Amino acid sequence: MTIKTIKTAALLLLTAASGNSIAQTCHNLYPYADGVVYDNNGHDLNAFIKSNKDDAKHKGEMVKEYSNGTWGYLQIKNTKVPSLNTSPDPDLNKKVNLNYSEYIDATLALCNTIDGLKATWWSRQCNNPLGPLVYTKTDDKGKLDIENIKYTYIIKELETKHFTIVEYSGDGYNERDYEQLLKNYLLVENGTLKNGVDYKTMIEFYDNFLTKFTYVEDPLLENKSFITFFSGNKTKYVGYFNIVNHKLAGHVEAVDLQFEKDKDALVNNTFKKLTGNVVYVYGDDIYGLEKTMLKYGHTHNLKLNRRNTTTTEKFNEK
């Protein structure tokens, strides 16, 4: 039995145990599904579709074109809906009992699939970040402009992509969802990438970044993290990655370094999000952050390795 097989089995046992524990201690397991889809005062999938479908379709088509179909695009937003009371009392289960004091977070999502733009949603049982994923089919009563399908159909398509861009609006997203559901992914706040040229630049940059791995599923990568730098049309970007579930889990942000103190803030905030004790700094221009990063690495006992985009060395090498 391989190390990967053992770890996978252990994770499945842990997830099952966690799910059983959650079910035993929580009486409000599920969200009000109609509320997620169309009955939540405009904070639902119906409203998200109306406000974002054109943007999601445009960006999804753009990502598809620039990547030659090898990247996926998912646009998401978090909403809160009432939970459903569940009780051993059969009389209480004869009707829907909404609990407005215990809300459940639901992720609303749009994805430009091979069959066109589709909508979906999911939540976590009992609103526990580690709880089992939940989706309930609902009758949208003709209110939705595009088809609402179970998230698993969308995820199955995204599994074939080199990367998936997860573009979010607001906060409240659960990174564990994407660590579990997707292959390699990049979280990007909607509006961070200023124009189509920057999407093209980002895709080309990270396609090249991927060539620096022999394969991402290598156990030798588990203690490594990555900070990457690239520039778009008029904006500088930093992206950081951890290896999670044998995949690249990343986040891209715009960089604005007007003062010296901005360098300290950027380095501190970025390194705090890394999980590896070996950090690769990748990119041709790292915005004058060399000394700041070296100082942070020395103070926190981190090993830093510098790599530019033309290197032939692989990150898998010891």
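Everything below is about the structure printed above this text.
Below: a short report on this structure. (Residues numbered from 1 in each chain as written. Predicted model: local features only at pLDDT ≥ 70, side-chain atom pairs only at ≥ 80, totals over all residues. Heavy atoms only, no water.)

Quick word on the pairing of strand 3 (residues 116-124)
Consideration 1: In terms of burial, strand 3 is a largely internal element, 8 of the 9 residues being buried.
Consideration 2: By the bridge criterion, 8 bridges tie strand 2 (residues 98-113) to strand 3 in an arrangement that is antiparallel. Looking at the pairing, T113 lines up with G116 of strand 3.
Consideration 3: The turn joining strand 2 and strand 3, which pair antiparallel and follow one another in sequence, is formed by 2 residues. (Buried < 20%, exposed > 50% of the residue type's maximum accessible area, 1.4 Å probe, protein only. Helix = DSSP H or I, 4+ residues; strand = E, 2+ residues; numbered from the N terminus. Pairing = 2+ DSSP bridges.)

A short note on helix 7 (residues 260-271)
Consideration 1: Its 12 residues place the ends of helix 7 17 Å apart at the C-alpha level, agreeing with the 16 Å of an ideal helix rising 1.5 Å per residue.
Consideration 2: When helix 7 is considered as a whole, its buried residues turn out to be K263, L266, V267, T270 and F271. In a view along the axis of helix 7, the buried residues occupy a sector of 110°, so they form one face of it.
Consideration 3: The inward-facing, buried residues of helix 7 abut strand 7 (224-231), strand 8 (236-244), strand 9 (247-255), strand 10 (278-282), helix 8 (290-299) and strand 11 (303-307). (Expected span 1.5 Å × (residues − 1). Arc of directions from axis to C-beta. Contact = heavy atoms within 4.5 Å.)

With respect to the nonpolar core
Consideration 1: Counting residues in hydrophobic clusters, the biggest one holds 67 residues, and the most contacted among them are Y206, F226 and L248.
Consideration 2: Ranked by residues supplied to this core, first place goes to helix 6 (residues 196-210) with 7 residues.
Consideration 3: Discounting chain neighbours no more than four positions away, the residues touching L248 are F163, K183, N184, Y185, F209, L210, F213, V216, F226, F241, N242 and I243.
Consideration 4: With 16 residues, the next largest nonpolar core counts I227, Y240, L274 and I286 among its residues. (Core = buried A, V, L, I, M, F, W, Y, C linked by side-chain atoms within 4.5 Å.)

Regarding the packing of aromatic side chains
Consideration 1: Following the criterion strictly, the structure yields 29 aromatic pairs and no others.
Consideration 2: Seen in terms of ring centroids, F213 and F315 are 4.8 Å apart; in terms of plane orientation they differ by 55°. Their pairing is tilted. Separated by 102 residues along the polypeptide, F213 in the loop between helix 6 and strand 7 and F315 in the segment after strand 11 bring together distant segments of the chain. For the pair formed by F213 and F315, the shared burial category is buried.
Consideration 3: Residue placement shows K261 over the ring face of F259; its charged tip is 5.9 Å from the ring centre. (Phe/Tyr/Trp six-rings, centres within 6.5 Å; stacked < 30°, edge-to-face > 60°. Lys NZ or Arg CZ within 6 Å of the ring centre and 35° of its normal.)

Thoughts on unusual backbone geometry
Consideration 1: Backbone geometry places C126, a non-glycine residue, at a positive phi of 65°.
Consideration 2: Mapped onto the elements of the fold, C126 is located in the loop between strand 3 and strand 4 (133-134).
Consideration 3: Given a relative accessible area of 17%, C126 falls into the buried group.
Consideration 4: Phi is positive for Y287, which is not a glycine, with a value near 60°.
Consideration 5: Here Y287 lies in the loop between strand 10 and helix 8.
Consideration 6: Note on Y287: relative accessible area 8%, which makes it buried.

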